[in-house]
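Residue-level structure breakdown
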Amino acid sequence: MKKIISLSIVFLLIVSCGKDLPMSTFDTYGPIAEEQAFLFSIIFWAGMVVLVAVEAAIIYIYFKYRRRKNSNRKAAQFHGNTKLEILWTILPVVFLAVVSVPVLSAIWNFGTMPENPAVVVNVKGHQYWFEFEYPDLDVVTANELHIPVGKQVLINLDSNNVLHSFWIPKIAGKTDIIPNQGNQMWIQADHTGLYYGQCAEFCGESHALMRFKVIVDTDEDFATWIDHQKTEAYVPNDPLEKEGYTIFMSAKAGCGGCHMINGSKKAKGKIGPNLTHVGSRQHLASGIMENTQDNLRQWIKDPGKIKPGNIMASQGAVYMDPNKALTDSEVIALASYLQSLK
Ligand code: CUA
């Protein structure tokens, strides 16, 4: 039984360090994550050398000086050993001094913001989603961060609620988001593709569901994406989409009080995510589910069930007031409208 338990622990440890896991910090795709993984590995292996040497010495001494049967040997009584004490003071000092060189240089590197970043993104932590604003490009979006490949990106972090932490395991380690006190980091991704991000500071009951995606684009794809994000929202022609649009903009549903839809005079809210191009995002509800009609309906029907404690569920009129509750056909129309916002 014990063997099975220890084998399964070893197995879990090995699996958790696997290479193809989306959140593995060992599988790096940018200079910051690489340097952090390098720091981890040198400190880990240096620590292993110390561990093995100390444990080997303990085991050796334990057997060499153990009490033997029928022996009257007495332990030597003495006080202190100057040579040994100097040695075990100096060795850790040398060890820490050596390790501090790459550590301090990394801290300096991470803390020195690029002078000419290719892109600046203002990241705002909400409960429980991320807002991404590109101040120089006049774009605001949510939960899916696009960046160009191989370029330095400056990230300004802020929150007006609680602590969050911004973490893209394969691209850069965590940086805390401190309410009303800006924090900065810079990132760079060296391969195009989709990367997983996660809030890494406990921020409330749906903290674990506060995820995001990072899409690393080629320069051309990034420019195309930005141009598209700048366009005003699609205005539907299809009857079902039109019905959803009418519900969305109605005072009864009140969606526009919290959500912005660029080009609309009624949807100007800033409390929830900007939905101008929500249909073009791959995921919903901050990266926790695929952006499909069915998922979108479930989300609109009962957001509190999918993400407990979110503001839409606790403050949206259609969820608080039973007289205003959305009917199934209204939910279908709304989902169809939102998905049309490519
Ligand atoms: Cu935001 Cu945890």
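Look above for the structure.
Residues numbered from 1 in each chain as written. Predicted model: local features only at pLDDT ≥ 70, side-chain atom pairs only at ≥ 80, totals over all residues. Heavy atoms only, no water.

A closer look at the sheet that holds strand β9 (residues 193-199)
In sheet architecture, strand pairing relies on hydrogen bonds along the backbone and comes in two forms, parallel and antiparallel. The strand order β4-β10-β9-β6-β7 describes an open sheet built from five strands, whose pairing is mixed. Each of the sheet's edge strands pairs with one partner strand only, and the pair in question is β4 (144-148) and β7 (172-177). Ignoring strand direction, the axes of neighbouring strands in this sheet form an average angle of 25°. In this structure, strand β6 (residues 164-168) lies alongside β9, joined through two bridges in antiparallel fashion. Within β9, the residue paired with Trp 167 across the bridge is Gln 198. Packed on one face of the sheet, helix α4 (residues 219-230) meets β4 and β10 (211-217) and runs near 135° to β4. (Pairing = 2+ DSSP bridges. Helix = DSSP H or I, 4+ residues; strand = E, 2+ residues; numbered from the N terminus. Axes fitted to C-alpha atoms, helices over the stretch in contact; angles between N-to-C directions. Contact = heavy atoms within 4.5 Å.)

Describing unusual backbone geometry
Note on backbone geometry: most residues besides glycine have negative phi, and most peptide bonds are trans. Backbone torsion omega between Gln 127 and Tyr 128 reads 10°, so that peptide bond is classified as cis. When you line up the elements, Tyr 128 lands in the loop between β1 (119-126) and β2 (129-134). We note that Ser 286 has phi near 55°; this positive angle belongs to a residue other than glycine. Turning to its location among the elements, Ser 286 is positioned in the loop between β11 (283-284) and β12 (289-290). Given the relative accessible area of 1%, Ser 286 is considered buried. (Buried < 20%, exposed > 50% of the residue type's maximum accessible area, 1.4 Å probe, protein only.)

Side note on helix α10 (residues 328-340)
When the terminal C-alpha atoms of α10 are compared, their 19 Å separation across 13 residues agrees well with the 18 Å that a helix rising 1.5 Å per residue should span. Most of α10 is tucked away, with 10 of its 13 residues classed as buried. Among all positions of α10, only Glu 330, Val 331, Ala 333, Leu 334, Ala 335, Ser 336, Tyr 337, Leu 338, Gln 339 and Ser 340 are buried. Its buried side turned inward, α10 meets α5 (239-249) and α6 (293-301). (Expected span 1.5 Å × (residues − 1).)

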